[in-house]
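What follows is each chain in one-letter form.
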There are 2 protein chains.
Amino acid sequence: MASTPARRVSSGERINIAAEPGRLEAELGRRGIRLTRQRRILLRIIETAPEHLNVEVLLEKAHRADARLNRVTVYRTLDLLKRYRLVDELDLLHLRGHQHFYETHGPRDHIHVACLACGKVREVESELFDRLKRQIERDCHFEITVARTEIGGYCASCRSRS
Amino acid sequence: MASTPARRVSSGERINIAAEPGRLEAELGRRGIRLTRQRRILLRIIETAPEHLNVEVLLEKAHRADARLNRVTVYRTLDLLKRYRLVDELDLLHLRGHQHFYETHGPRDHIHVACLACGKVREVESELFDRLKRQIERDCHFEITVARTEIGGYCASCRSRS
DNA sequence: ATAGATGCAAATATTTTGCCGCCAG
DNA sequence: CTGGCGGCAAAATATTTGCATCTAT
């Protein structure tokens, strides 16, 4: 039996699927969490980022809006968002050092496919991945709250080039 | 159509599937890599570890055989093994800090299913996971060399307890 | 008014590098 | 013998904590 082909959500740069401006702010507000000036700045950046953000880049971007916003606040805000499952933390197979990357947690889980040669990261959705998760929930009597698949290898262009 | 049920490779502690004593040493030897006293110690520990090792634990265990074996040597040996794809590096969803865990790379990829409450990590093999990888290779014209799936949530016993 | 957030400095954790003497092959 | 390897110290990178002050509600 054949499955639906994998849907390539983005090629190269990341498309922010869940990009509804103000969504993160609304989610936190709904939960009665204090919305400070610093948090609003960070949330906006995270929501609209066209790529996967690391702490360094997030801080840089934040500094354009407020030069005094502290790196610690970035860490603390990311922790907050992780706790509420509003962002996912990735390491993209440590392609570039041991830092982590963050992205808004969209409506559907996707797989990260990273080329070890050119560094491009594709996001792919697949029905098989959803089935895999359901299978594990069923067979292991497990309730899944986080699922992360990161795949490394060589993309079509890098393969043809070599 | 139904798929083969997920095969639970281990429950709780890790079963070292690829545990053939001397396999790592043989693999390195076959590649003409120098086998030092320190490497032999580390390889043996990695091969026979009943659980996922981090650098700290690996160093501790190594110190029982040689108290002078340095932490840097542990990092360098793990790098070597990673480069030759003889071990996999996991972060187990940062269940316990931002350290990494290492395991011998067995004949078949498996999924790590980690309970966020009790911390137990199960290894699960699934035909669906293999199909997912093949699908990505086909649909994205991508050559996969590393594949890592880490799933977090709550296991049966922790769910019934709450 | 006040619980909770931020900034700053310092501590901690994790990984990498430079260099020199040593040892496996 | 000798080129790669390990030990040591130090640097680099990444993240967390303590505390005084400030601010969103």
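Located above this text is the structure these notes cover.
What counts as what
- Residues numbered from 1 in each chain as written.
- Chains lettered and ligands numbered in written order.
- Predicted model: local features only at pLDDT ≥ 70, side-chain atom pairs only at ≥ 80, totals over all residues.
- Heavy atoms only, no water.
- Near = heavy atom within 4 Å.
- Polar contact = N/O pair within 3.5 Å; in protein donor to acceptor, adjacent residues only side chain to side chain.
- Contact = heavy atoms within 4.5 Å.
- Buried area = accessible area lost by both parts, 1.4 Å probe.
- Salt bridge = Lys/Arg side-chain N within 4 Å of Asp/Glu carboxyl O.
- Buried < 20%, exposed > 50% of the residue type's maximum accessible area, 1.4 Å probe, protein only.
- Helix = DSSP H or I, 4+ residues; strand = E, 2+ residues; numbered from the N terminus.
- Pairing = 2+ DSSP bridges.

## Some points on the protein's contact with DNA strand C
The immediate surroundings of DNA strand C are formed by 19 residues, with Gln38, Thr73 and Arg76 of chain A together with Tyr75 and His100 of chain B found nearest. Here the atoms of DNA strand C within 4 Å of the protein split so that 65% fall in sugar or phosphate, with bases taking the remainder. Gln38 of chain A has a polar side-chain atom sitting 2.6 Å from a sugar or linking oxygen of DNA strand C. The separation between a phosphate oxygen of DNA strand C and a polar side-chain atom of Thr73 of chain A is 2.4 Å.

## Details of the interface of chain B and chain A
Between chain B and chain A, the contact holds 46 residues from the first and 46 residues from the second. When chain B packs against chain A, the two sides together hide about 3900 Å² of surface, and 58% of this comes from carbon and sulfur. For chain B, the biggest contributors to the area lost against chain A are Leu128, Phe142 and Arg148 of chain B; these three give 16% of the whole. Taken together, the connections running from chain B to chain A amount to 6 salt bridges.

## Points about the pairing of strand β5 (residues 121–125) of chain A
Residues and elements named next belong to chain A. By the criterion of burial, β5 is predominantly enclosed, with 5 of the 5 residues buried. Here β5 shows two buried faces, one formed by Val121, Glu123 and Glu125 and the other by Arg122 and Val124. A loop of 5 residues connects strand β4 (residues 111–115) with β5, the two strands running antiparallel in sequence, and Gly119 in this loop sits at a positive phi of about 85 degrees.

In short, the description is geometric, and any link to function would need to be established separately.
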